[in-house]
Amino acid sequence: MTDKQEIIQEESNVKPLLEVRCITKKFPGVQALDDVSLQFYSGEVHAVVGENGAGKSTLMKILAGAYTPDSGDILLDGVKVSFSHPSEAQHKGISIIYQEFNLLPERTVAYNIFLGREPTKAGVIDIRKMNRDAKEVLKEIGIDKIISPTAVVSSLSVAEQQLVEIAKAISFKSQVLIMDEPTAALTYTEVNLLDNLIKRLKTRGMAIIFISHRLIEVFAIAEKITVLKDGKLVGTVMTKDVNPEQLVQMMVGRELDHYFPPLGQPEDFGEVVLSVRGASNQLIHDISFDLRKGEVLGVAGLQGSGRTELAQALFGVEPFKTGTLTINGKTSKFRQPYFAIKNRIGFVTEDRKSEGIFSRQPIRDNMLLTIRSIRNMFGLIHKDGTLRDRKIVPTLGNQLDIRTSSYDRDVQFLSGGNQQKVVLAKWLASNAKIFIFDEPTRGIDVESKASIHDMIRGLAKQGTAILMISSELPEVIGMSDRILVMADRTLMGELPAKASEEEIMLMATGHKKIGNSAETSAVGKE
Amino acid sequence: MTTTTASSAKEINQILGKIWNGVRRIPPVFPIFLLIFIILGFLNPKGYQTMNGIMTFFRPAAPLAVLAIGEMLVLAMGGFDLSIGAIVTMVVLASSKLLANDPEKALPAILIMIGIGILIGLINGLVVSFLKVPSFITTLGMMLLVRGATLYYIGGAPQGYLTDNWRQFGRNYIQDVPFFVKIPYALIVLLVLGLIFYILFHRTNYGKQVLAIGDNMRAAQLSGVRVKLIRVVTHILCSVLAVLGGILVGGYGGVNVTIGEGMEMQAIAACVIGGVLLGGGKGNVINVAFGAFTLQAIVNLLNQLGLPKPYTDVIQGSIIIFVVAYSALSSQRKR
């Protein structure tokens, strides 16, 4: 670590634009930041990485004035500052762009850029001047050709909205731009657009701080990388001096010897437990496939290809209208998830916050809901399980290593990773024999990812059938015993284990349909 | 010797810490109730420091608690039920016409009222679940509907009297009870209903599903909760409790067309004082019952101070706003 610190010392003849000294922040039960000191220089892209709960977001929120640190100083241009509100930070030249945008979707770009400080003439908003000024701002960062000031925000793509957020920051004459996972929702080409813009902002002398889980991107954009772990500073390194493996090692504090557990062997696979034939609903069509006991069946496909819709159809959220769904040899129609769960199907949804957790309920009640919802409505409960099995909560809590002082705590007070574990516990408790995972590791740190992969494979080994939807091709390839590829709201075909990324992408973009002569018709549809 | 004293001092510290932790967890409704009751006791020792007076206090407080428990179920589910005041009015007015001064008809009248209550709750629940009308609007409409239908049925003005056997639940006391001196039937009814609904809400699959819906409806559905069914059942339970509460109210109140007016707001206020989160996800039967007692005590306090009814309305409205704001602020601080 010493050589890395030397690098920073070398640079210290240049004064940092923004500096934090010994920042500490505590939340109930968590030391979110512990004595963190960092310098950010102008004209530099500085990435902050770390596992979930490492303190990245807390640090950014302190810089942006959304949180006040318990102790420590913030220095802007060498002068001590303190912000009691994000707008104060913004006026002093520190802008933050969150994962969720703060734009008004039904207003124009110009309105959004100048929200709250619209130019006025005789007490009325001077729309013409506002549009002109907005045009100037967009031009300044070279995106006036892409985005018109009069465009309505909701008509823009996610990437374009992000650019508007940046333009808004520019209009505040920001010196420091903080981006929290700016690329999480972007497609590949959109990421390029953002990269170019960041490079341009850099040459203007801005200090850019960004948080990301995608290491590839961090290496592509950032000059300097800071690693946080458990609220502590692990170190700051120059990007050119490290490789991804070393960085991951800094993040998790251990060698990453394996990413994926070994695939299943032929003897692991049993009979077909779930079978779909020619099934359609209003969202997806012509779905046919089999899922066998003991296998992990991966589902790949681009955004909007119908992956999640497939899961929802199987689970009875948006049931199939035509075709047949056979579970354990029995033709089934699930009108709602209740029936799917009764047939021992589990569905770990993609969006933990809106579809997984009950934030104001205790951990124990979160874990037991799937059991309770399919039992006799007026039947009595036990706080740790059922009247028969009174150890479900502690057993699963230990098994999944849910870290909490008490299972009576509300889930909202847990870290993201622990919340995800609670959701998994809820489905393990349901004792499902068929599991659907939708993006099981999205937005999760490397270490937790590996443990979730192990868990999924472990379930399969115990004879559970698993359908795993993922937009990360390495995950699909690393985990799946077979791979289904979706495109254009239907199944394009099936690939064997260890298929290459190219094969999958080719199919996912609608170029090939195995065992079907209608190769070109699929392209035509797109 | 010294070590033992040191360790025992440490033990005492630990015990004190535990006690303090326990004290901190006491819901604010209990100290508030106690405080107001003590103030009342100073102002009117005879009314609030004797068993006789306390039991008299519980006669009107118990019906409010019954209504509040029903309302709590709906609030905890993330809904509202504004029709319960109109149901109280209906129970009193329609029963008085149905009875036609014949004590023999008391039981059928009560059963008919419960039946109508089930029907009202069923309609509320079905409209909310299947027509996707927000419960606030649905039950507001139901409030007008029930009120109008009641007035139509009785022909615009109260008819007849409520017979004594119908009124006994809300009016009479068990006399000559050792220590308690007398116990209002209403309090017994509340204790029985309170126990049933405590178990139902805190100790059954149903109660946990109500909270799950109130916390995150989408996640509840995806966890197998039959959201529509639970909502219908909850609205029915709320309406039935409103009917039972109405029978108790009719016991001590007179037969007039405004008897149940504003009771939905009183019930909501009682829930809020009892720590129920508007928007759903939190609720406790005992706290809500004490929320109702507290509200009744506040009303009595204002009466004691000689303030007329309009003042109590103003205070009640202020309480709802203040308590909701307070709980919103304190939950923000926790984050």
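The coordinates are above.
Residues numbered from 1 in each chain as written. Chains lettered and ligands numbered in written order. Predicted model: local features only at pLDDT ≥ 70, side-chain atom pairs only at ≥ 80, totals over all residues. Heavy atoms only, no water.

**Digging into the interface of chain B and chain A**
Thought 1: Taken residue by residue, the interface counts 33 residues in chain B and 37 residues in chain A.
Thought 2: When chain B packs against chain A, the two sides together hide about 2800 Å² of surface, and 55% of this comes from carbon and sulfur.
Thought 3: On the chain B side of the contact with chain A, Asn205, Leu222 and Arg226 of chain B bury the most area, a combined 24% of that side's loss.
Thought 4: Here chain B and chain A share three salt bridges between them.
Thought 5: Close ionic contact of aspartate 365 of chain A with lysine 208 of chain B constitutes a salt bridge, the shortest N to O distance being 3.0 Å.
Thought 6: At the surface where chain B touches chain A, the tally comes to 19 residue pairs in polar contact (both at pLDDT 80 or more).
Thought 7: Counting only elements with at least two residues in the side of chain B that touches chain A, the list comes to helix H9 (185-203), helix H10 (205-215), helix H11 (217-222) and helix H12 (227-252) of chain B.
Thought 8: Broken down by element, the side of chain B that touches chain A gets its largest block of residues, eight residues, from H10 of chain B. (Contact = heavy atoms within 4.5 Å. Buried area = accessible area lost by both parts, 1.4 Å probe. Salt bridge = Lys/Arg side-chain N within 4 Å of Asp/Glu carboxyl O. Polar contact = N/O pair within 3.5 Å; in protein donor to acceptor, adjacent residues only side chain to side chain. Helix = DSSP H or I, 4+ residues; strand = E, 2+ residues; numbered from the N terminus.)

**Re the pairing of strand S11 (residues 224-229) of chain A**
Note on strand geometry: in a regular strand, side chains alternate between the two faces of the sheet.
Residues and elements named next belong to chain A.
Thought 1: Across the six residues of S11, five count as buried, placing the element largely inside the fold.
Thought 2: With four bridges joining them, strand S3 (residues 44-49) and S11 adopt parallel strand pairing. Each bridged residue has a counterpart across the sheet, and for alanine 47 the counterpart in S11 is isoleucine 225.
Thought 3: Both S11 and strand S12 (residues 232-238) contribute to a ladder of six bridges, which runs antiparallel. Bridging from a neighbouring strand, lysine 229 pairs with lysine 232 of S12.
Thought 4: Linking S11 to S12, which pair antiparallel, is a turn of two residues; within it aspartate 230 sits at a positive phi near 50 degrees. (Buried < 20%, exposed > 50% of the residue type's maximum accessible area, 1.4 Å probe, protein only. Pairing = 2+ DSSP bridges.)

**Describing the sheet that holds S12 of chain A**
Residue and element names in this part refer to chain A.
Thought 1: An order of S6-S9-S10-S3-S11-S12 is seen for the six strands of this open sheet, with the pairing classed as mixed. The open sheet has two edge strands with one neighbour each: strand S6 (94-97) and S12. Strand-to-strand, the axes of this sheet are offset by a mean angle of 20 degrees, without reference to chain direction.
Thought 2: Bridge count between S3 and strand S10 (residues 207-211): five bridges; the pairing is parallel. What sits directly across from alanine 47, in S10, is phenylalanine 210. (Axes fitted to C-alpha atoms, helices over the stretch in contact; angles between N-to-C directions.)

**Examining empty space enclosed by the protein**
Thought 1: Applying the stated criterion to the full structure yields two cavities of 30 Å³ or more.
Thought 2: Phe358, Gln361, Asp365, Asn366 and Leu369 of chain A together with Lys208, Leu211 and Ala212 of chain B together form the lining of the largest cavity.
Thought 3: Looking at the lining of the largest cavity, the elements that each hand over two or more residues are helix H13 (363-373) of chain A together with H10 of chain B.
Thought 4: Along the lines of polarity and charge, the residues of the lining of the largest cavity split into four nonpolar, two polar and two charged.
Thought 5: Within this model, the second largest cavity holds a volume of roughly 30 Å³.
Thought 6: Forming the boundary of the second largest cavity are Met77, Gly78, Gly79, Val128, Ser135, Arg231 and His235 of chain B. (1 Å grid on protein atoms, 1.4 Å probe; cavity = no way out; pocket = protein on both sides within 12 Å on 5 of 7 lines; lining within 4 Å. Points joined across faces, edges and corners; volume = space filled by probe spheres on them. Nonpolar A, V, L, I, M, F, W, Y, C, P; charged D, E, K, R; others polar.)

**Side note on the packing of aromatic side chains**
Thought 1: Summed over the entire model, instances satisfying the criterion amount to 18 aromatic pairs over all chains.
Thought 2: Here phenylalanine 435 of chain A and phenylalanine 437 of chain A contribute two aromatic rings whose centre-to-centre distance is 5.4 Å and whose plane-to-plane angle is 15 degrees, an arrangement assigned as stacked. Taken as a pair, phenylalanine 435 of chain A and phenylalanine 437 of chain A share a single burial class, namely buried.
Thought 3: Geometrically, the ring pair formed by phenylalanine 37 of chain B and tyrosine 48 of chain B is edge-to-face, given 5.6 Å between the ring centres and 90 degrees between the ring planes. Residue phenylalanine 37 of chain B is located in helix H2 (residues 29-43), and its partner tyrosine 48 of chain B is located in helix H3 (residues 45-48); the two are separated by 11 residues in the primary sequence. Summarising the burial analysis for this pair, phenylalanine 37 of chain B and tyrosine 48 of chain B share the class buried.
Thought 4: The rings of Phe30, Phe33, Phe37, Tyr48, Phe57, Phe58, Phe290 and Phe293 of chain B are connected pair by pair, giving a single aromatic cluster.
Thought 5: A cation over an aromatic ring shows up here: arginine 117 of chain A above the ring of phenylalanine 172 of chain A, its NZ or CZ 3.7 Å from the ring centre.
Thought 6: Above the plane of the ring of tyrosine 153 of chain B lies lysine 97 of chain B, whose end atom (NZ or CZ) is 4.4 Å from the centre. (Phe/Tyr/Trp six-rings, centres within 6.5 Å; stacked < 30°, edge-to-face > 60°. Lys NZ or Arg CZ within 6 Å of the ring centre and 35° of its normal.)

Any functional reading would require information beyond the geometric quantities listed.
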